[in-house]
Protein chains: 2
Amino acid sequence: MGDKVVIALGGNAILQPNQEATYENQLENVRKSAEIIARIIASGHSVVVTHGNGPQVGNILRQNEEAKHVVPALPLDVCSAESQGFIGYMMEQTLRNELVKLGKTNPVVGVLTQTEVSNDDPDFQDPSKPIGVFYSEEEAQQLAEEKGWIVKEDAGRGWRRVVASPEPKSIIGSEVIKSLTDAGTTVIAAGGGGVPVVKQADNTFKGIEAVIDKDRSGFKLAEEAKADRFMILTDVENVYVNYGKPDQKALTEITLEEAKQYVAEGQFSAGSMGPKMEAAINFAETGGRAIICSLDKADLAMEGKSGTHIVG
Amino acid sequence: MGDKVVIALGGNAILQPNQEATYENQLENVRKSAEIIARIIASGHSVVVTHGNGPQVGNILRQNEEAKHVVPALPLDVCSAESQGFIGYMMEQTLRNELVKLGKTNPVVGVLTQTEVSNDDPDFQDPSKPIGVFYSEEEAQQLAEEKGWIVKEDAGRGWRRVVASPEPKSIIGSEVIKSLTDAGTTVIAAGGGGVPVVKQADNTFKGIEAVIDKDRSGFKLAEEAKADRFMILTDVENVYVNYGKPDQKALTEITLEEAKQYVAEGQFSAGSMGPKMEAAINFAETGGRAIICSLDKADLAMEGKSGTHIVG
């Protein structure tokens, strides 16, 4: 009996920064990721795949913007749901296909996922995550007035809408995802971090225009689905300390205490490895094994032969 | 213990023909449908909801078309997957909310669904389902050449792309949908008929640009998920025979043989009630109860107090 593992795929697993966003490019990238994940499933592990959606939801927003004179533009949460459909379809299809190539017929299912965030999350007070297209200052100010958007100047490139990136509180339907994986079904879930929703006074949920970090929601998913491991896939084989210095060191297996110590030393950048380490540490706190590794060696990392492992 | 029922929602349950396609309008329509379906769930039945996507996928295609100078346009099957994300999110959220209002916490989950069709389906030889925007003859012929589209003149309104509407062969993952409903989870599945895929020589699947009739795929879903009932929701309370004639009659409960006799008499129009009766008869053949009824009386129809029932 294998382990239950939640695998978080980065945006590059779907579209490389230098590639054109054609369907063919994205499908081929996803297929390559699926090839590696299928090997993990075929070796007996139960897998939940979660993924980012930055470039895809950005393009859907752009399409909404370009077509708004003929089709009313949809809110960000709905665009995010559309991106779950888009990416989930590619993953469901390619994972199933790659399993078939290995002689396996394990079921694979994509689950539309909402993620609860709090209305009181401090990030709503000072949103900073830029999304969508660039505007002139005049257009931006007009949109801010019309739609209640918050807009900011973006590094001399123009004005953009900014939204909050609140902390995920819970993955709605994680009990269903858990039972599916317990029964051996591969699940694709919480794509793009899940569609952000807030609880209202009467306990019903309502969509909110925000983005959720997929490593943070991946941790929540791994915790709630009671995974044994949480694996964050990146472009690098290991996490480094003293990066770029003479004593730089690739981390292989470290304890929770060592991981926290490195964070306290400021070893990891806020924009990239920092949030991944935070999510990994949060998961290791629950007693599981957190792994940060490269996509193309994820199967080796599952065998303990690659990646940085944090053990609780 | 209640029955297992697959409920197929028509396009009007999401957007009325005279309404603007704003998110607010669509969400409120879906909420109203969810209110009625929640009553059926709360009374103890297991429910799978399936739905059309015509206006929504049309708008996504339009957005792709309008933005193609900045974002590469996605194929039809991918747009259909996006519409599953969009509509599935609204349904998942509103169904859960309406259940909460009834004091219920039953899980609700939207499942991204692919539907297998055959490459040899005769409809691929003579596609006739118009999709997307109107073009001038010149533009249409150019697109036909560039992209291999089949284009046709549409009732004097301009030229449009036409695609096939093949027969669904099977719902991929229906065994997972069945096990979820067996465990009491409400499932939203095979939205827009499911994303059409064809099996290749090596048993892998590939998306294909086509549309699938949601009542036909709803029947397949009901058959494969071993539903007790298949309910097709429309705008009318009953199916009529001799419609518009002095001896017009609303059908309440009829046998499979009577239903087939009425079809043989040509009682139902090919464009509207005909396909619904065909799907209902196909389901009744499997031994289940097929119901064609109005959305706003679906809960009464479950109690046998409304609608046209066909029993095998």
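Above this text sits the structure in question.
No experiment lies behind these values; they were computed from the predicted model shown. (Residues numbered from 1 in each chain as written. Chains lettered and ligands numbered in written order. Predicted model: local features only at pLDDT ≥ 70, side-chain atom pairs only at ≥ 80, totals over all residues. Heavy atoms only, no water.)

Trainee: Tell me what's going on with the interface of chain A and chain B, and back it up with residues and numbers.
Mentor: Across the boundary between the two partners, chain A contributes 53 residues, which contact 53 residues of chain B. It is Q63(A), Y89(A) and L112(A) in chain A that bury the most area against chain B; as a group they hold 16% of the surface buried on that side. If you look at where chain A meets chain B, you find zero salt bridges. Linking chain A with chain B are 14 residue pairs in polar contact (both at pLDDT 80 or more), by the criterion used here. (Contact = heavy atoms within 4.5 Å. Buried area = accessible area lost by both parts, 1.4 Å probe. Salt bridge = Lys/Arg side-chain N within 4 Å of Asp/Glu carboxyl O. Polar contact = N/O pair within 3.5 Å; in protein donor to acceptor, adjacent residues only side chain to side chain.)

Trainee: Go over the sheet that holds strand β7 (residues 159–163) of chain A with me, naming the residues and quoting the values.
Mentor: Sheet strands associate in pairs through backbone hydrogen bonding, adopting either a parallel or an antiparallel arrangement. Residues and elements named next belong to chain A. Read across the open sheet, the three strands follow the order β5-β7-β6; overall the sheet is antiparallel. Of all the strands in the sheet, just β5 (129–135) and β6 (150–153) have a single pairing partner and so form its edges. Shown here is a sheet whose adjacent strand axes are inclined to one another by a mean of 40°, direction ignored. In the sheet, β5 pairs with β7 via four bridges, with the strands oriented antiparallel. (Pairing = 2+ DSSP bridges. Helix = DSSP H or I, 4+ residues; strand = E, 2+ residues; numbered from the N terminus. Axes fitted to C-alpha atoms, helices over the stretch in contact; angles between N-to-C directions.)

Trainee: Which residues make up the packing of helix α7 (residues 256–264) of chain B against helix α8 (residues 273–285) of chain B, and what are the values?
Mentor: All names here are of chain B. With their axes 10 Å apart at the nearest point, α7 and α8 run at an angle of 150° to one another. Classified by the interaxial angle, the pair formed by α7 and α8 is roughly antiparallel. In the crossing of α7 with α8, the sense of the turn from one axis to the other is left-handed. In this structure, α7 contributes L256, A259, K260 and V263 to the contact, and α8 contributes M277, I281, A284 and E285. (Parallel < 35°, antiparallel > 145°, perpendicular 65-115°, else oblique. Left-handed = near helix turned anticlockwise from the far one by under 90°.)

Trainee: Tell me what's going on with the sheet that holds strand β8 (residues 168–171) of chain A, and back it up with residues and numbers.
Mentor: All names here are of chain A. Read from one edge of the open sheet, four strands run β8-β4-β10-β11, paired in mixed fashion. Two strands in the sheet have a free side with no partner beyond their single neighbour: β8 and β11 (205–207). Averaged over neighbouring strand pairs, the angle between their axes works out to 40° when direction is ignored. Across three bridges, strand β4 (residues 114–117) lies against β8 in antiparallel orientation. Counterpart to V117 in the pairing with β8 is P168. Sheet strands in contact with helix α3 (residues 76–101) are β10 (195–199) and β11, and its direction is about 135° off that of β10.

Trainee: How would you summarise the environment of D228(A) if you had to cite specific residues and measurements?
Mentor: Residues and elements named next belong to chain A. Along the chain, D228 falls in the loop between α6 (214–224) and β12 (229–234). You can call D228 partly exposed: its relative accessible area is 36%. Discounting residues that sit within four places of it in the chain, D228 has contacts with D3, K4, F283, G288 and R289. (Buried < 20%, exposed > 50% of the residue type's maximum accessible area, 1.4 Å probe, protein only.)

Trainee: So, the relation of the copies chain A and chain B: which residues are in play, and what are the values?
Mentor: Least-squares fitting of chain A to chain B yields an RMSD of 0.0 Å, with the transformation described by 0.0 Å of translation along the axis and a rotation of 180°. Taken together, the turn and the small shift mark the pair as related by a two-fold rotation axis. Of the interface residues in chain A, 100% have counterparts in chain B that sit at the interface too, so the contact is made through matching surfaces. (Least-squares fit on C-alpha atoms with pLDDT ≥ 70 in both.)

Trainee: Can you break down the packing of aromatic side chains residue by residue, with the values?
Mentor: This model, assessed by the stated rule, comprises eight aromatic pairs over all chains. Plain terms: the ring middles of Y135(B) and W149(B) are 6.2 Å apart, the flat faces sit at 50° to each other, and that makes the pair tilted. Placement of the pair is Y135(B) in strand β5 (residues 129–135) and W149(B) in the loop between α4 (137–147) and β6 (150–153), with a sequence separation of 14 residues. Both residues of the pair, Y135(B) and W149(B), count as buried. Against the face of F134(A) rests R160(A), its NZ or CZ located 4.8 Å from the ring centre. (Phe/Tyr/Trp six-rings, centres within 6.5 Å; stacked < 30°, edge-to-face > 60°. Lys NZ or Arg CZ within 6 Å of the ring centre and 35° of its normal.)

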